[in-house]
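Single-letter residue listing:
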Amino acid sequence: MYYKKAIVAIADGLGDRPNPLLNGLTPLQKASTPNLDKLAAQGICGMVDLLAPGIPVGTDMGHLILFGGDPADYPGRGPIEACGIDMDVQEGDVILRCNLATIDQQGVVIDRRAGRISESAEELAKAITGMKLSDDVTAYFRPATEHRAVLILRGPDLSDKITDSDPKEPHQGKRYLQVTATDNSSSAQKTARLLNEFLAKSHVILDAHPMNLRRKAQGKLAANFILTRGAGNFKKLESTPQRQGFRGCCIAGETTVLGVAKLTGFDIQTDARFTANLETDFALKAEMTLKAIEQNDLVFVHIKATDLAGHDNLPFEKVEAIECYDRMVGAILERLPEHTYFALAADHSTPCEVREHTGEPVPVVIYGQDIRRDHVLTYDEIACAEGSLKRLTGTSFINTIFDYMGYSHKQGS
């Protein structure tokens, strides 16, 4: 069999709804996207429900599916984030995804992301990591991208069967949630109690930390609380590249995506110039993608800015992020190696007015020399619904790419 290569460009949270500030267009319809439209016009298009119609997924689950993983093997957001920042993990650890956040004296969440704190949070982390809790349990805390962080509870008889302290959208403006057990086990009740202990003690330390005192003096929000969610235990997942028989790589700056890529067996490449917002180096991502495809069979390249604009209800900024994505795609397309497919994808929809992930499908394209072209001419949520791929699951979409590459496994004799 003759094997081919593929590049998949993922725009996080790309899908949206008609927006009144954009004259009833979605940000993708409003944006100028000559390169995305070229791929759509010369490729095969469709719409993807990552898991199932009407079921929202997180960035972690969406990418687990796009990277060829089994949704049933989802390990929890905490372990994924820990893997993404190379945090030491041991068997029995309870691992949680965290936000550095701002609360007032009554515990009301003022901002779940502490104003999207962009300065290094290492100072804050040093003040609370290694904290000794009751029952011979230790808490280890490490920052990730911007406001994101990871917390590990390490000690005897712990359980990940606990609730989140993060009220999430749209409940910001209410008190953070006390952590409780989700089953009747003594280990879950113990873990919930210890996590609440950590949250209270760390708040006292963070609120009085010199870095937060400086932020308050400058009129900025203090990163004085840790919101937790996505508790889980580490487990090894099946490697997609090994299972399918190819070499794979992921280029990203977002630690969640890097963590899922590592867990599913892909090599990862990142750079300090890759941020989660519009200041990320799109040109460098394109250059690294073209270099990576020389040594790999499948390369994913990811951008996050589209998702953040959706969460912050900034439709014009989302349009700008899509246009940056288009230019990155154009830089790759201009030098796309022969016998290489180029696909466009997203992990979920994040409509600006909703400010959260929704279950609406996302537009996809697969472009290549031997693709059965359909009649779609533009890349957006409405046009791609008329494409020949129709409406398929995320697993079916990535399996279709594997098949075009020549790496699908024949069923039957």
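Residues numbered from 1 in each chain as written. Predicted model: local features only at pLDDT ≥ 70, side-chain atom pairs only at ≥ 80, totals over all residues. Heavy atoms only, no water.

S.K.: Explain the overall build of the protein chain residue by residue, including any values.
M.R.: A tally of helices and strands in the protein chain yields 13 helices and 14 strands. For 413 residues, the compact-globule estimate of 2.2 N^0.38 gives 22 Å, and the C-alpha radius of gyration of the protein chain, at 22 Å, lies within 12% of that figure. Contacts in the protein chain between residues far apart in sequence, at least 24 positions, make up 73% of those at least 6 positions apart. Within the structure as shown, the protein chain displays about 16,800 Å² of accessible surface, and the carbon and sulfur contribution to it stands at 49%. When the 45 positive and 55 negative side-chain charges of the protein chain are each reduced to one mean point, those points stand 2 Å apart. (Helix = DSSP H or I, 4+ residues; strand = E, 2+ residues; numbered from the N terminus. Rg over C-alpha atoms; globule rule 2.2 N^0.38 Å. Contact = heavy atoms within 4.5 Å. Areas by Shrake-Rupley, 256 points an atom, 1.4 Å probe, with all protein chains shown as cover. Lys, Arg positive; Asp, Glu negative; His and termini not counted. Charge placed at Lys NZ, Arg CZ, Asp CG, Glu CD.)

S.K.: Mind laying out the nonpolar core, listing which residues take part and the relevant values?
M.R.: Judged by nonpolar contacts, the single largest core of 87 residues is most densely connected at Phe342 and Phe397. The greatest single-element share of this core, amounting to nine residues, is contributed by helix α12 (residues 315-334). Core analysis: the next-biggest nonpolar cluster, separate from the first, contains 37 residues, Ala101, Ala125, Leu153 and Met211 among them. (Core = buried A, V, L, I, M, F, W, Y, C linked by side-chain atoms within 4.5 Å. Buried < 20%, exposed > 50% of the residue type's maximum accessible area, 1.4 Å probe, protein only.)

S.K.: Can you tell me about helix α4 (residues 77-84), naming the residues and giving the values?
M.R.: Burial of α4 is extensive: eight of the eight residues sit out of reach of the surface. Buried residues belonging to α4 abut α3 (59-66), β3 (94-103), β7 (148-154), β8 (225-232) and α9 (255-263). Among the residues trailing α4, Asp86 stands out with phi positive, at a value near 55°.

S.K.: So what's going on with the environment of Gln178? Residues and values would help.
M.R.: Structurally, the position occupied by Gln178 is in the loop between β7 and α6 (186-207). Discounting residues that sit within four places of it in the chain, Gln178 has contacts with Thr163 and Asn196.

S.K.: How would you explain unusual backbone geometry if you had to name every residue and give the values?
M.R.: Of note, Asp86 is a non-glycine position whose phi angle comes to about 55°, a positive value. You can see Asp86 is positioned in the loop between α4 and β3.

S.K.: Report on empty space enclosed by the protein, specifying residues and quantitative values.
M.R.: All told, the structure shown has one cavity of 30 Å³ or more when counted by the stated rule. A volume near 70 Å³ is recorded for the largest cavity. Residue composition of the lining of the largest cavity, grouped by class: eight nonpolar, three polar and two charged. (1 Å grid on protein atoms, 1.4 Å probe; cavity = no way out; pocket = protein on both sides within 12 Å on 5 of 7 lines; lining within 4 Å. Points joined across faces, edges and corners; volume = space filled by probe spheres on them. Nonpolar A, V, L, I, M, F, W, Y, C, P; charged D, E, K, R; others polar.)

S.K.: Mind laying out the packing of aromatic side chains, listing which residues take part and the relevant values?
M.R.: According to the stated counting rule, one finds eight aromatic pairs in the structure shown. Taken together, a centroid distance of 5.6 Å and an interplanar angle of 45° make the contact between Phe67 and Phe266 tilted. On the criterion of sequence distance, the pair formed by Phe67 in the loop between α3 and α4 and Phe266 in the loop between α9 and β10 (267-269) is long-range, its members being 199 residues apart. Of the two residues, Phe67 and Phe266, neither departs from the other in class, the shared state being buried. (Phe/Tyr/Trp six-rings, centres within 6.5 Å; stacked < 30°, edge-to-face > 60°.)

S.K.: Before we move on, can you summarise the sheet that holds strand β11 (residues 298-303) with the specific residues and values?
M.R.: Pairing is mixed in the open sheet, where eight strands are placed in the order β10-β9-β11-β1-β12-β13-β2-β14. The outermost strands of the open sheet, each flanked by one partner alone, are β10 and β14 (390-393). With direction set aside, neighbouring strand axes in the sheet form an average angle of 25°. As defined by bridge partners, strand β1 (residues 5-11) adjoins β11 across six bridges and the pair is classed as parallel. In the strand pairing of β11, Ala11 is matched with Ile303. (Pairing = 2+ DSSP bridges. Axes fitted to C-alpha atoms, helices over the stretch in contact; angles between N-to-C directions.)

S.K.: I'd like a description of the layout of surface pockets, backed by residues and values.
M.R.: Its volume calculated, the largest pocket comes out at about 500 Å³. Secondary structure elements with two or more residues in the lining of the largest pocket: α3, β3, β8 and α11 (305-311). No other element matches α11, which puts three residues into the lining of the largest pocket. Split by residue class, the lining of the largest pocket holds four nonpolar, seven polar and 13 charged. Of the residues that make up the lining of the largest pocket, three or more belong to each of domain 1 (5-73 + 238-405) and domain 2 (81-234). Put simply, the second largest pocket is a space of about 420 Å³. Grouping the amino acids of the lining of the second largest pocket by side-chain chemistry returns seven nonpolar, seven polar and five charged. (Domains from an automatic or database assignment.)

That is the geometry; function is a separate question.
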